[in-house]
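Observations on the three-dimensional arrangement
What follows is the residue order along each chain.
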Amino acid sequence: MAGLDTLCYCISLLTAGCLAHLFPISTAHDRPVHLIALALTACSFALPGISKALPRLFHPAESRHEDYTALPLDDLGYVNRKPDPAETPSTHPRHNGKVRISVLVAAVSVVCVRLELYRRISMATECTIDSIEVFLPFLLAVYDAVRSQRARRLQEEERPDSSAYDALRATLRAHVLRPRTRYLIPMFLVSYGCYRILYLWDPVTSTYICPLVTGEGRIVPAMQVAALVLDLCLVITVYESSPKQDGKGLSPRRCVVLWSTVMIATAIVWSVVGVIVYIYMPEHRAWLSLLEPPLNFGDLMAITGHVLLFCLLCISSLHCIMVYGVAEMSLHLTAVMTMIPGLEFIWLHKSPFPPIPAFATTLSFFLVFFGRWSYHRIQQALGERDRSKPSRHMLLFIFLCVLLFPAWSKKSYVHFHPIDLLIYDAKIHHEEYLKALGNTTSLSETVTQYKQKYNRNPPPGFDVWFEYAKNRSALIVDEFDQIYEDLLPFRAIPPADLRRQTWEMVSNPWNEISGITIRSGKALVQENVLPTHRWMLEGVAVLINSFAQYLPDMDLAFNLNDESRVAVPYNDITFLREKGRSADESGRSGWSQDRAAGWLPIPEHEFTQTVFRDMSFRNTFRQYGSVGCSPSSLARRAPHISSHSHICGSCVRPHSIGQFVANWSDAADVCHQPDMADLHGFYLSPAAFKTSHQLMPVFSQSKPHGYNDILYPSAWNYMDKVVYAPSEEKGTRGQDDYHSSFPDLPFEQKENTLFWRGATSEGVSSGNGVWRGMTRQRLVHMANNITTSSHDRFTILLPNPSDHKKYKYQVLPGPAVKELGLKPDIAIVDRIARCGGVDCHDQESEVHLVPPTDFQAHWRYRYLFDLDGAGFSGRFLPFLQSRSVPFKTALFREWYDSRLTAWLHFVPQDSRLHGVWSTLAYFAGVNGTMFGQSIWWKPHLREAEIIAEAGREWAGKVLRKDDMELYFFRLLLEWGRLTDDRRDELGFDL
Ligand SMILES: *[C@@H]1O[C@H](CO)[C@@H](O)[C@H](O)[C@H]1NC(C)=O
C-alpha cells in the first residue's frame, strides 16, 4: 500500500508540474471551453472506471498506520486511531455520510462559475494582479483550525525540565503543538513563499495596455479574489467529503461518485450553455467554434495530452487526498505549480536582464521549503504521520539549492553598458560590410562578383545598368541579395505561369492589385486603378520611366495596400526555393523577340476569380504570419502566449542583449516571437488584408519576415510625399518664428526630447479591444501614463548609485519616468482613427491626443521615434537624413534593410518597447530623483551625435533617389528574365 501511495503522490506532483510547464504555451488554450468540457467528461469516466479496475486505489484507510511510533497523547476530543493489524475489516471506520443533492448542485454551480471566471481572467491577463491563488493552502489551514483541529495537552509537559535544550523543546511544543492553530504558520510560510516567487516576473512587465476607463483594472483583480473564494469553497467541499478515519465524510466509493458526478454535470452545463451562446449570441461564436483557428494534428495531440494529464492529476490527487488529507495536497500542489515556473524562469534567463535578486529569490524558495518541513515536523510530533527519515528532507533541500544555483551565479549588475558594446560592434559590422562590398569599378569585376554570388550570369542589359550605376556614382553595385531572395522561389514557376498570374491579379479589381505595363521603353499605369491609389502607381511609373527605355516589354502587378499579400507555408516555400536554386542555368542571349505578345491585355469584363482571401479585421498571425516558419520554430511549436502581462523571455532572448536589440535582422524574424501575434496591428487586426498562401508575383513596398512579396522602392519617398526640408537657418529669427520656421539645428542645440506624432493607423480596433496591443498605442500610453494600471512598472538600466562604473536594472513605478528627468513628447494626432464600437471612446480616454503639427517641426528634437503604421513608415528616410537620431522599431522591412546598420545609423528598439527608457536614459542622460534620492547620469551626446551624423551621411550615399532607381532597374531586369520564355538561355557575359 505504501508503494501505491508514493506512486500516486509522485504522479500527482509530476502531472501538476507538467501542466504548470506545458499549459501556458500550449495550443490547447485556443479552445478553452472545449478543453474544459472534454477534460471533465474524460475524468468523470476515468474516476469510477479506475476505481472499479483498481479497488485498492480508493480504499486507503486500511492498515496504513500500523508501524508509526506515535507520541503518547492525551486526546481532547480528537480520536487518533491506531488501527490494530489484527482488526477485522468490520471495525474500520464506517462512513455514514450521504451525497446530498444540495451539496451536489452547489458544487456544480461553483465549478461552473469558477470556470467562467477563469475564462474571463485569462482573456484579460494584462489587468491581472500577481496570482493570489497561492494563499489557498493557508486559507484552508485556517478553516481546518476552526473546524477540526483541537488543542491538545501533551504528556511530556509534566516532566521536570532537565536542561535548557529540553526547556526550549518543551516551550516550543507547548506553543506550537498544543494550540489548534498549529498548522497556520507553516501553511502561511508556504503560501507567502509562493507569493514572493511570483515577484520574479516583476522586471518583465509588458507594455500591453490595461485600460482603466473600462474598469477592468479593478474588475479583473476582483474576479481573481472571487475565484480564490470559490476555490476555497470547492476545497472545503473536498475537505468535508473526503473519507476520514473518524468515520466522518463520505465513503471512498461515494466520494468518487460525488466528484465524477460533479464533473460530468459541469461538462454538460458548459456544453449546453456553449451551444445556446453559439446559437443566440453570434458575437461569441469566434471562440466557441471548434474549428477556429483550424484544428490540426498538433492541436489534437496537445488537447489529448492535456486531458490525459488532467485525468491523471485528478485520480492521483484524489487518492493522495484520502491518504494524506486535503491540506497537505493543497500545500504540495501549490508549491509545485509555483516553483516549477519559477525555477524555469531562473534557468532560462541568463543575462543580468531580467534582474533576479539572489537573496530575495532564495529566501522565497526556502520559505516554501521550510513551511513544508515544519508542517511535516508537527505532524510527526503529533503522530499523525510516519517518521520519514530526516535524510529525505536533507536531500530535498540540497536538490533545491542546486536548482537555485543559477540565481546565485548571476550578476545583478553589469560592468559595461550594453549600448557601448553594441555601438562598438556596429562599427565593426559596418566596416566588414564595406569590405565585403568591395569597390568594383569595372564591369567585368561586377559580372564576376555576380556569378560568384548568385551562380548564374547577370540578366541581359546588365552592362547598361552598370553604366547607369557608374554615372550616378553608386556605392553599392554588388550586394543585391534582397532581390535574389525575393525572386528565388519564382524560378520554380514557368514564365508563362508568371505572366498569367500577373494578368489574373490585375484583372480582378477586388484584389486591390493594379498593373503597370512597360511597352517599347515606356511605363504606363493600367486604366482602371482605384482613384485613391492612382498617385501611388503614377509615382511608381515615374520612377520606372527614369530607366524604362532599357527594359524589355513586361507587366507588373503592384499591391495597392500597405499590408503585404503573400505568405507561403514553410514546406511549399522551402520546396520552391530549393527548386529555384537548382534551376540556375543561364546563357548569353538577349531578350526574346515579341515579348509583348506573351502578356494578355486587361479584359473588358471583370475577371472574378482570385486566389486571395479577405482576412482583414482578425488576428492573422497563426494562419499567415508564421506559416513560413519551420515547424520546429517556437512560433509554430508553442504559438500560444498565455499572458499579456509579462514579456515572453524566449521570444526576446535570441535577438537581445539585456533589454536592447542586439541583432536587428534577427529581431525581424517572427519565428521565435509568437508573442508578436498580439503586439502589432498588422497581426492583430489589419485594415486591408487580402492574402494568399499561393506564391504570386506581387510587388509590395514593405513586408514582415515570412512574407513572399517582391520588395520595390516605395514611391512614397521617391515622390517626396514626406520630405526632409528644414527651413534655412537664418540666425535672425526670434522666438515668434519658432512655430513657422523649422531649421535643423546642430545636434547640441536641439531639445533633449524623444518625439513622436502619428495616427492610430496600425490596425483596426472595432470593439474587441485589440488596440491595447498595438505598438503605437502602447508607446503613447507608456510615455504618458494617462492612467496607471496594476502593471504599471518599468525596468531601466541605470548606474549603480554607489558605484558609477557599474550598471544595474531597477524596477520603478510608471510615473518615475518624469522623476528621472526623461522627457518624452509622444502623442496621437487629432483623433482616434480606425476604431469602432467602444474602442473609439476607450482609446480617446487612454491615449494622449494633440493637434497636428508640421512634419518639419520634427527637427527641433534630438530623438525621433519611428514606428510602423499599417505598413512601413515613410518617415524613416527623412529622419535618417536629418541631424536627429531616429529610434526605430519595425516589423515591416524595406528594400534597403540590409544597407543600414543598427546602432550605427539609427537606434533599434524592440517591438515590446521594454528598452525605450533605458535607451533614452543612456543618450539623454538622467537628472532627477529615484527612490527619493537625487540621481544624475551624464548624457551620451557624443555617441548620439555620431549616430545622427553617420545615418545622415550614409543615407546620402546609398539611399538616394538614384539608389532607388538602381535597385528597381536591376529588379526589373531580373523580373524581365524570369518572365521570358527562354529564361535559361538569357544572360549577359563579357
Ligand atoms: C545577426 O545574426 C545573423 C545570424 O542570425 C548574423 O548573420 C548577422 O551577422 C548578425 N548581425 C549582426 C549585426 O550581428
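Now for a quick tour of the structure.

Quick notes on the rules
Residues numbered from 1 in each chain as written. Predicted model: local features only at pLDDT ≥ 70, side-chain atom pairs only at ≥ 80, totals over all residues. Heavy atoms only, no water. Pairing = 2+ DSSP bridges. Helix = DSSP H or I, 4+ residues; strand = E, 2+ residues; numbered from the N terminus. Axes fitted to C-alpha atoms, helices over the stretch in contact; angles between N-to-C directions. Parallel < 35°, antiparallel > 145°, perpendicular 65-115°, else oblique. Contact = heavy atoms within 4.5 Å. Nonpolar A, V, L, I, M, F, W, Y, C, P; charged D, E, K, R; others polar. Salt bridge = Lys/Arg side-chain N within 4 Å of Asp/Glu carboxyl O. Buried < 20%, exposed > 50% of the residue type's maximum accessible area, 1.4 Å probe, protein only. Near = heavy atom within 4 Å. Polar contact = N/O pair within 3.5 Å; in protein donor to acceptor, adjacent residues only side chain to side chain. Areas by Shrake-Rupley, 256 points an atom, 1.4 Å probe, with all protein chains shown as cover. Expected span 1.5 Å × (residues − 1). Arc of directions from axis to C-beta. Phe/Tyr/Trp six-rings, centres within 6.5 Å; stacked < 30°, edge-to-face > 60°. Lys NZ or Arg CZ within 6 Å of the ring centre and 35° of its normal. Core = buried A, V, L, I, M, F, W, Y, C linked by side-chain atoms within 4.5 Å.

1. Side note on the sheet that holds strand β3 (residues 413-414)
Taken together, three strands build an open sheet; the order of strands is β3-β15-β14 and the sheet is antiparallel. Each edge of the sheet is formed by a strand with only one pairing partner; in this case those strands are β3 and β14 (793-800). Pairing geometry for β3 and strand β15 (residues 803-813), over two bridges, is antiparallel. The partner of valine 414 across the bridge, within β15, is tyrosine 807.

2. Some points on the packing of helix α7 (residues 216-241) against helix α8 (residues 252-280)
The N-to-C vectors of α7 and α8 enclose an angle of 155 degrees; their axes lie 10 Å apart at closest approach. Accordingly, the angle class assigned to the pair α7 and α8 is roughly antiparallel. Judged by residue contacts, Leu234, Thr237, Val238 and Ser241 of α7 engage Cys255, Leu258 and Trp259 from α8. Split into classes, the residues belonging to the contact of α7 with α8 amount to five nonpolar, two polar and no charged.

3. Notes on the pattern of salt bridges
For the coordinates displayed, the defined rule picks out 37 salt bridges. Linking glutamate 485 and arginine 577 is a salt bridge whose minimum nitrogen-to-oxygen distance equals 3.1 Å. Here glutamate 485 is found in helix α17 (residues 481-487), whereas its partner arginine 577 is found in helix α20 (residues 570-582), with 92 residues between them in sequence. Given the relative accessible area of 34%, glutamate 485 is considered partly exposed.

4. Describing the site of the ligand
Taken together, His429, Asn663, Ser665 and Asp666 make up the full set of residues adjacent to the ligand. In the model, an oxygen atom of the ligand is placed 3.1 Å from a nitrogen or oxygen of the aspartate 666 side chain. In the complex, 41% of the free accessible area of the ligand, which totals 360 Å², lies under the protein chains. Taken together, the residues that form the shell around the ligand break down as no nonpolar, three polar and one charged.

5. Notes on helix α14 (residues 418-437)
Over its 20 residues, α14 extends 28 Å from the first C-alpha to the last, a length consistent with the 28 Å expected when each residue adds 1.5 Å. Among all positions of α14, only Pro418, Ile419, Leu422, Ile423, Ala426, His430, Tyr433 and Leu437 are buried. An end-on view of α14 places all buried positions within 130 degrees of arc, on one side of the element. Residues of α14 that are exposed and point more than 90 degrees away from the buried face comprise Tyr424 and Lys435.

6. What to know about the packing of aromatic side chains
Any pair of aromatic rings gets described here by the distance separating the centres and the angle formed by the planes. This structure, assessed with the given rule, holds 56 aromatic pairs. Their ring planes at 85 degrees and their centres at 6.0 Å tell us that tyrosine 624 and phenylalanine 689 sit as a pair that is edge-to-face. Here tyrosine 624, found in helix α21 (residues 621-625), pairs with phenylalanine 689, found in the loop between α25 (681-684) and β10 (690-691); they are 65 residues apart in sequence, far enough to count as distant. With relative accessibility at 0%, the residue phenylalanine 689 sits in the buried group. Between tyrosine 712 and phenylalanine 968, the aromatic rings sit 5.4 Å apart at their centres with planes inclined by 25 degrees, giving stacked as the arrangement. Pair noted here: tyrosine 712 is in the loop between β12 (710-711) and α26 (715-718) and phenylalanine 968 is in helix α33 (residues 961-978), with a separation of 256 residues, a long-range link. Relative accessible area serves as the criterion here: at 0%, phenylalanine 968 is assigned to the buried category. The ring of phenylalanine 612 carries the charged tip of arginine 565 above its face, separated from the ring centre by 4.9 Å.

7. A closer look at the environment of threonine 753
Tracing the backbone shows threonine 753 in strand β13 (residues 751-758). In this structure the C-alpha to C-alpha distance between threonine 753 and aspartate 202, which are 551 residues apart in sequence, comes to 28 Å. Residues contacting threonine 753, with those up to four places away along its chain left out, are Lys823, Pro824, Asp825, Tyr861, Arg862 and Tyr863.

8. So, the nonpolar core
Nonpolar side chains tend toward joint burial in soluble globular proteins. Ranked by internal contacts, the top residues of the largest apolar core, which has 247 residues, are Ile544, Tyr863, Phe923, Leu972 and Trp975. Those residues in contact with phenylalanine 923, other than ones at most four positions away along the chain, are Ile419, Ile423, Tyr863, Phe887, Trp903, Val907, Pro939, His940, Leu941, Glu943, Ala944 and Ile947. Tyr208, Phe621, Cys671 and Met676 belong to the second largest nonpolar core, which has 20 residues in total.

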